[in-house]
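# Coordinates in review
So the chains spell out like this:
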Amino acid sequence: MPSVLPPLGAVLPELLLAVSAILLVLIGAIQGEKSANLINGLAIAALVAAGVLVLLQPGTTVVAFHGSMLVDPFARFMKVIALLGAAASLVMSVDWLSRAQQARFEYAVLVVLASLGICILISAGDLIALYLGLELMSLSLYVVAAINRDSVRSTEAGLKYFVLGALSSGMLLYGASLLYGFTGSVNFAEIAKVATQPSLGLIFGIVFLFAGLCFKVSAVPFHMWTPDVYEGAPTPVTAFFATAPKVAAMAVFVRVAIEALPNVTHSWQQIVTFVSIASMVLGSFAAIGQRNIKRLLAYSSIGHMGFALVGLAAGTQEGVRGVLMYMAIYVVMTLGSFTCVLAMRRDGRAVETVDDLAGLSRTRPLMALLLGALMFSLAGIPPLAGFLAKYYVFVAAIQAGLYALAVIGVVASVIGAYYYLRVVKIMYFDEPAEAFDGMPGELKAVLGLSGLFTIFYFVYPAPLIEAAGAAARALF
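As annotated in an unreviewed UniProt entry, the chain carries the name NADH-quinone oxidoreductase subunit N and comes from Azorhizobium oxalatiphilum. Quoted verbatim from the Catalytic activity (unreviewed entry) heading of the UniProt record, the comment on the chain is "a quinone + NADH + 5 H(+)(in) = a quinol + NAD(+) + 4 H(+)(out)".

### Looking at the overall build of the chain
Each helix and strand in the chain was counted, giving 21 helices and four strands. Since a compact globule built from 476 residues should have a radius of gyration of about 23 Å, the 21 Å found for the chain is in line with a globular shape. In terms of overall dimensions, the chain has a C-alpha envelope of 65 × 55 × 40 Å along the principal axes. Classification of the 476 residues of the chain by burial places 61% in the buried group.

### Description of the environment of L261
Relative to the helices and strands, L261 resides in the loop between α12 (244–260) and α13 (265–286). Between the C-alpha atoms of L261 and A189, which are 72 residues apart in sequence, the distance is 9.0 Å. When near neighbours in sequence (up to four residues on either side) are disregarded, L261 contacts L179, I191, I206, F210, V256 and W268.

### Observations concerning the packing of helix α6 (residues 127–145) against α12
The contact between α6 and α12 brings their axes to 12 Å, and the two run at 160°. Of the possible angle classes, the one that applies to α6 and α12 is roughly antiparallel. Taken as a pair, α6 and α12 cross one another with a handedness that is left-handed. On the side of α6, the interface is formed by L130, M137 and L141, while α12 contributes P245, A248, V252 and V256. Residues belonging to the contact of α6 with α12 are distributed by class as follows: seven nonpolar, no polar and no charged.

### Brief notes about the pattern of salt bridges
Considering all chains together, one arrives at 14 salt bridges under this definition. Between K160 and D228 there is a salt bridge; the shortest N-O distance is 3.0 Å. Of this pair, K160 sits in helix α7 (residues 152–183) while D228 is found in helix α10 (residues 226–232), placing the two residues 68 residues apart along the sequence. Judged by relative accessible area, K160 falls into the partly exposed class, the value being 29%. Relative accessible area serves as the criterion here: at 27%, D228 is assigned to the partly exposed category.

### Considerations on the nonpolar core
M78, F210, F241, L261, W268, L312 and L357 are the most contacted members of the largest nonpolar core, which totals 175 residues. Element by element, the count of residues in this core is highest for helix α15 (residues 317–342), at 16 residues. Excluding residues that lie within four positions of it along the chain, W268 makes contacts with I206, F210, A257, I258, L261, L312 and G315.

### Focus: the UniProt feature "domain: NADH:quinone oxidoreductase/Mrp antiporter transmembrane" (unreviewed entry) in the chain
The UniProt record annotates "domain: NADH:quinone oxidoreductase/Mrp antiporter transmembrane" (unreviewed entry) at residues 124–416. With 76% helix and 1% strand, residues 124–416 has end C-alpha atoms that lie 35 Å from one another.

### Here we look at helix α18 (residues 385–399)
In this model, α18 (15 residues) spans 22 Å end to end at C-alpha, consistent with the 21 Å of a helix rising 1.5 Å per residue. Buried within α18 we find A385, G386, L388, A389, K390, Y392, V393, F394, A396 and A397. Within two residues after α18, G401 carries a phi angle of roughly 85°, on the positive side.

### Quick word on the confidence of the model for the chain
Overall, the prediction assigns the chain a mean pLDDT of 89, with 98% of residues at 70 or greater. Note that residues 1–5 has pLDDT below 50 and, in this model, eight contacts with residues that lie over four places away or in other chains.

### Observations regarding the side chain of R345
Structurally, R345 can be placed in strand β3 (residues 345–346). With residues near it in sequence (within four places) discarded, R345 still touches W96, R99, A350, V351, F436 and D437.

About the cut-offs
- Residues numbered from 1 in each chain as written.
- Predicted model: local features only at pLDDT ≥ 70, side-chain atom pairs only at ≥ 80, totals over all residues.
- Heavy atoms only, no water.
- UniProt positions renumbered as here; feature names shortened; annotations may be inferred.
- Helix = DSSP H or I, 4+ residues; strand = E, 2+ residues; numbered from the N terminus.
- Rg over C-alpha atoms; globule rule 2.2 N^0.38 Å.
- Buried < 20%, exposed > 50% of the residue type's maximum accessible area, 1.4 Å probe, protein only.
- Contact = heavy atoms within 4.5 Å.
- Axes fitted to C-alpha atoms, helices over the stretch in contact; angles between N-to-C directions.
- Parallel < 35°, antiparallel > 145°, perpendicular 65-115°, else oblique.
- Left-handed = near helix turned anticlockwise from the far one by under 90°.
- Nonpolar A, V, L, I, M, F, W, Y, C, P; charged D, E, K, R; others polar.
- Salt bridge = Lys/Arg side-chain N within 4 Å of Asp/Glu carboxyl O.
- Core = buried A, V, L, I, M, F, W, Y, C linked by side-chain atoms within 4.5 Å.
- Expected span 1.5 Å × (residues − 1).
- pLDDT = per-residue confidence, 0-100.

Below you can see the structure in the form of structure tokens.
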């Protein structure tokens with residue numbers, strides 16, 4: 001049974017982030033650009049503190065603000081992963097900001113505001129809270145993408161993301177209005193009571209709503225912004241884009257499908273299955289010809305969202321557990337990969353092509369080992385964490401009778417392994433290129449932790465499996 005707590009207690013992490021953002025803006029306005037490092041540190045502390053508050057919340061389902069905000073094990077699980085991704089991406093940006101002479105205090109403030117939107121989005125219990133969280137997150141991300149004002153590529157990335165993001169928000173809002181029109185409510189629980197039979201209007205609403213959500217997780221056919229924005233935006237920003245916002249969008253995707261539309265599963269299952277197959281196939285083939293490592297990771301991200309959606313397509317508790325585990329492992333692997341991209345510097349200048357990694361095993365053996373492990377894991381090679389992530393979503397699909405989806409997923413995974421293994425081949429078998437500059441301490445820490453988790457996860461996977469299982473049960 002849902003327990004009733006004072007609304008402010010239920011949204012304490014969100015309040016902390018909101019107050020922190022206001023205070024950080026004030027510090028930045030008073031002290032100017034010289035306060036950038038201080039604000040970055042305070043922003044990381046605020047994100048970590050918000051994560052701790054999330055963990056301290058009760059294990060029951062708490063309904064606040066007349067059902068607009070839900071705090072349940074599912075929301076807590078996804079918030080912790082998203083806040084971890086946001087904090088790690090800020091840690092990774094410390095050295096980059098000073099090297100690129102982009103030490104602007106606004107950057108950390110915008111990441112905190114985006115994280116606030118992410119937390120609201122994950123806890124959304126109705127369509128209005130969903131849209132408010134989504135727009136707060138998106139507006140911050142539009143600005144962050146173009147934070148490097150002196151770079152034409154960064155400005156172009158921000159503009160592309162803004163234009164296409166505005167289009168997707170319009171589609172999502174139109175879908176939400178159709179759902180409201182045909183069910184008479186914006187609350188997910190009330191929608192579930194009314195939407196017992198698929199009608200034409202309801203299906204149109206689901207299609208438009210899911211189209212907007214597909215854009216946010218960069219799933220095919222709404223993926224077109226991803227490679228350009230990932231390549232054009234500064235690398236720490238790309239690392240943030242690839243982690244926390246993806247977690248939030250996937251969380252709300254799952255919540256809307258499972259909580260608001262449980263009685264019309266067959267209607268949305270077809271959409272999710274198509275999107276999943278298209279994303280896996282495009283992600284596997286399109287990355288093969290990429291030479292820029294950020295574009296390669298962009299197509300890799302599209303493919304991985306397709307794999308995660310396999311679990312949602314199953315529409316079962318096991319499927320949702322698979323999605324949650326996949327997103328947790330994906331965030332860790334992605335943070336480690338982008339740490340290596342950030343460390344690709346020669347004479348203080350960033351390099352971004354895959355060929356720049358030539359012979360890395362001889363110039364930076366430990367970095368090559370960990371990056372190689374991350375690439376194997378992203379490819380889904382056992383016994384690394386990435387293999388177990390794929391295993392759980394494929395098993396859920398098979399249990400739900402979606403055999404074709406599981407087979408296509410396995411084939412796409414095998415094809416996608418080519419470009420990951422090519423990176424390993426270049427690092428270990430090509431003639432060494434000029435050595436990279438030294439890696440800053442904070443990047444070493446992030447890379448070390450993500451590498452160790454990826455390699456040794458199979459030794460003791462139980463805590464993550466149990467936490468994901470408890471989070472999935474909260475939706476059913």
